[in-house]
Amino acid sequence: MRDVAVVGFAQRQMPEFDGSPTCVELLVPVFKELYEQTGWTRRDVGFWCSGSSDYLAGRSFSFVQAVDAIGVIPPVNESHVEMDLAWAMYEAWIKIQTGEVDTALVYAFGKSSAGVLRRTLALQLEPYTMTPLWPDTVSLAGLQARAGIDAGVWDERAMAEVVNRSLTDAEKNDHAIRKGGSSVEELLARPMYADPLRKHDCSPVTDGVAALVLAAGDKAREVRDRPAWLTGIAHNIDPMGMGVRDLTRAPSAQRAGAALDLGGVEVAELHAPFSHQELILRSELGLGADVAINPSGGALASNPMFSGGGIRVGEAASRIWSGEADKTLAHATSGPALQQNLVCTLEASTEGRQN
């Protein structure tokens, strides 16, 4: 297997697009930032892959417009996934493993504020018995949170502790759109939003874009003194039907974590759009108290659709580049109630590579 590292990361997050610019207008400055980080031009990128959704954009083949941000003369080697940035990264990693290219730039974008996101996401549910009922994502997460409370797996205080820590950590994140912890007691005194969830238990609706740069071997070493090597990556899926799985667990996250060597992980960026979901993921991945969870503030601070999971990869890679950690974990989720889970490990050395 080829050694592949994350060597670039850029993002922009906001409550809503300022003046409703097009995705091209948002992507161009992000690409410019990555060219500055790497010293590359577009001709140094061997493969491009994007993540977005026509349902979110409200038009067919919306990803085609985004290609204008790349520039198509001369033609580029380009692909697209109807998934989060983390899955676009997975495709790019596979592309590099084939030996066809040595470098890749992956990006994702989404304008969640244009519609009612919690309703739009009902389209990803089981189409015969669930989607016709149009249950929204917040209500489904509320059912999941209630199941855990009733089973004694967690309680509202544990959820509030996650929120308080996340929003306190988000104060150091310039990209966070929600930040500022208070106290667990103050959080618990706030009104219910979708019982047992309060608004702070739910990630804020976020518009944004993000992008990652991958490079193999010496190409990565040319860009970074400490590349964030992808030493392991795994993706698993639980059943689509909500009634056929235990909502207090995420077996697909457990299986993905079990496929990797998680020993020695110092920082974990978990894509948990709801506070109780972080508790599930920490348990399924076996993360102890010595692991720093979401020092960026995580998805509770900002969660742009189609780049929220990839941002977790970028944040985890940033800790490697800065020397703050030698081994980190990044996680991305898709689907209702943690249905799909992608887990990867990043290290300052390639010695622990599993892939």
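Summary of the structure given here. Quantities reported herein were computed from a predicted structural model and do not represent experimental measurements.

**Digging into the overall build of the chain**
On a plain count of helices and strands, the chain comes out with twelve helices and eleven strands. For the chain, the spread of C-alpha atoms along the three principal axes comes to 55 × 45 × 40 Å. In the chain, buried positions account for 58% of the 355 residues. The contacts of the chain with a sequence gap of at least 6 include a subset with a gap of at least 24, amounting to 78%. Accessible surface, the chain: about 14000 Å² in total, of which carbon and sulfur atoms supply 50%. With 31 positive and 45 negative side-chain charges, the chain shows a separation of 2 Å between the mean positions of the two kinds.

**Observations regarding the state of the cysteines**
All chains considered together, the criterion is met by zero disulfides. The thiol of Cys23 is unpaired, and the distance to the nearest cysteine sulfur, on Cys49, comes to 15 Å. We classify Cys23 as buried; its relative accessible area is 7%.

**Side note on the side chain of Asn303**
Its location among the elements puts Asn303 in strand S9 (residues 303–304). Side-chain polar atoms of Asn303 contact the side chain of His271, separated by 2.9 Å. In this structure, Asn303 is in contact with Gln13, Ser203, Pro204, Thr206, His271, Pro273 and Gly308, ignoring residues within four places of it in sequence.

**Brief notes about the packing of aromatic side chains**
Overall, the coordinates contain three aromatic pairs when judged by the stated rule. Ring geometry for Phe31 and Tyr107: centres 5.2 Å apart, planes at 75°, overall edge-to-face. One end of the pair, Phe31, is in helix H1 (residues 23–38); the other, Tyr107, is in strand S4 (residues 103–111), and 76 residues separate them in sequence. Both rings, one in Tyr90 and one in Trp93, keep their centres 6.2 Å apart while their planes meet at 50°; by these two values the pair is tilted. In this pair, Tyr90 and Trp93 both sit in helix H4 (residues 85–97), three residues apart, roughly one turn of the helix.

**Digging into a nonpolar patch on the surface**
A surface patch of nonpolar side chains, about 340 Å² in accessible area, is lined by Tyr55, Leu123 and Trp134. A residue is classified by how much of its surface remains accessible, and Trp134, at 36% relative accessible area, is partly exposed.

**Re the nonpolar core**
Val6, Met89, Leu214 and Leu346 are the most contacted members of the largest nonpolar core, which totals 42 residues. Sort the elements by how many residues they give to this core and H4 lands first, with eight residues. Those residues in contact with Met89 that lie beyond four places of it in its chain are Val106, Leu212, Leu214, Leu230, Ile233, Val313 and Cys344. Ranked by size, the runner-up nonpolar core spans 38 residues in total, among them Val138, Ala141, Ile149 and Leu270.

**Looking at the pairing of strand S2 (residues 47–51)**
Of all five residues making up S2, five are buried, and the element is well covered by its neighbours. Side chains of S2 alternate between two faces, with Phe47, Cys49 and Gly51 and Trp48 and Ser50 buried alike. Relative to S4, S2 runs parallel, the two sharing five bridges. Across the sheet, the residue bridging to Gly51 is Ala108, located in S4. One ladder, built from four bridges, connects S2 with strand S3 (residues 78–81); its direction is parallel. Among the inter-strand pairings, Ser50 is bridged to a residue of S3, identified as His80.

**Brief notes about unusual backbone geometry**
Most peptide bonds are trans, and most residues other than glycine sit at a negative phi. With an omega of 10°, the peptide bond between Asp195 and Pro196 qualifies as cis. Here Pro196 is to be found in the loop between helix H8 (184–188) and strand S5 (205–216). The backbone of Trp134 sits at a positive phi, close to 50°, despite the residue not being glycine. Mapped onto the elements, Trp134 comes out in the loop between helix H5 (117–120) and helix H6 (137–150). Phi at Phe306 takes a positive value of approximately 75°, unusual for a residue other than glycine. As for its placement among the helices and strands, Phe306 is situated in the loop between S9 and helix H12 (308–322).

**Quick word on H1**
For H1, spanning 16 residues, the distance from its first C-alpha to its last is 22 Å, which sits close to the expected 22 Å at 1.5 Å a residue. Among all positions of H1, only Cys23, Val24, Leu26, Leu27, Val30, Phe31, Leu34 and Thr38 are buried. Along the long axis of H1, the arc covered by the buried residues comes to 150°, so they all point the same way. Considering only its buried residues, H1 is in contact with strand S1 (4–14), S2, helix H3 (62–66), S4, S5 and helix H9 (217–223). Of the residues flanking the end of H1, it is Gly39, one or two places downstream, whose phi is positive at about 80°.

**Side note on the pattern of salt bridges**
Charged atoms that come close allow side chains of opposite charge to pair. Tallied over the entire structure, the rule returns 20 salt bridges. Note that Arg319 and Glu324 form a salt bridge whose closest N and O atoms lie 2.9 Å from each other. Taking the relative accessible area as the measure of exposure, Glu324 reaches 52% and is therefore exposed. The salt bridge involving Lys327 is made with Glu347; its shortest N-O contact spans 3.9 Å. Placement of the pair is Lys327 in strand S10 (residues 327–334) and Glu347 in strand S11 (residues 340–347), with a sequence separation of 20 residues. The burial state of Lys327 is the same as that of Glu347; both residues are buried.

**Quick word on helix H11 (residues 275–284)**
Taken across its ten residues, H11 has eight buried, putting it largely inside the fold. Along H11, the residues classified as buried are Ser275, His276, Gln277, Glu278, Leu279, Ile280, Leu281 and Glu284. In this structure, the buried side of H11 is in contact with H6, helix H7 (156–169), helix H10 (251–258), strand S8 (292–293), S10 and S11. Downstream of H11 by a residue or two, Gly286 has a phi angle that is positive, lying close to 65°.

Rules of the game
Residues numbered from 1 in each chain as written. Predicted model: local features only at pLDDT ≥ 70, side-chain atom pairs only at ≥ 80, totals over all residues. Heavy atoms only, no water. Helix = DSSP H or I, 4+ residues; strand = E, 2+ residues; numbered from the N terminus. Buried < 20%, exposed > 50% of the residue type's maximum accessible area, 1.4 Å probe, protein only. Contact = heavy atoms within 4.5 Å. Areas by Shrake-Rupley, 256 points an atom, 1.4 Å probe, with all protein chains shown as cover. Lys, Arg positive; Asp, Glu negative; His and termini not counted. Charge placed at Lys NZ, Arg CZ, Asp CG, Glu CD. Disulfide = S-S within 2.5 Å. Polar contact = N/O pair within 3.5 Å; in protein donor to acceptor, adjacent residues only side chain to side chain. Phe/Tyr/Trp six-rings, centres within 6.5 Å; stacked < 30°, edge-to-face > 60°. Patch = residues over 30% accessible without salt bridge, like charges linked within 9 Å, V, L, I, M, F, W, Y side chains within 5 Å. Salt bridge = Lys/Arg side-chain N within 4 Å of Asp/Glu carboxyl O. Core = buried A, V, L, I, M, F, W, Y, C linked by side-chain atoms within 4.5 Å. Pairing = 2+ DSSP bridges. Expected span 1.5 Å × (residues − 1). Arc of directions from axis to C-beta.

Remember that the coordinates give geometry; whether it matters functionally is a separate question.
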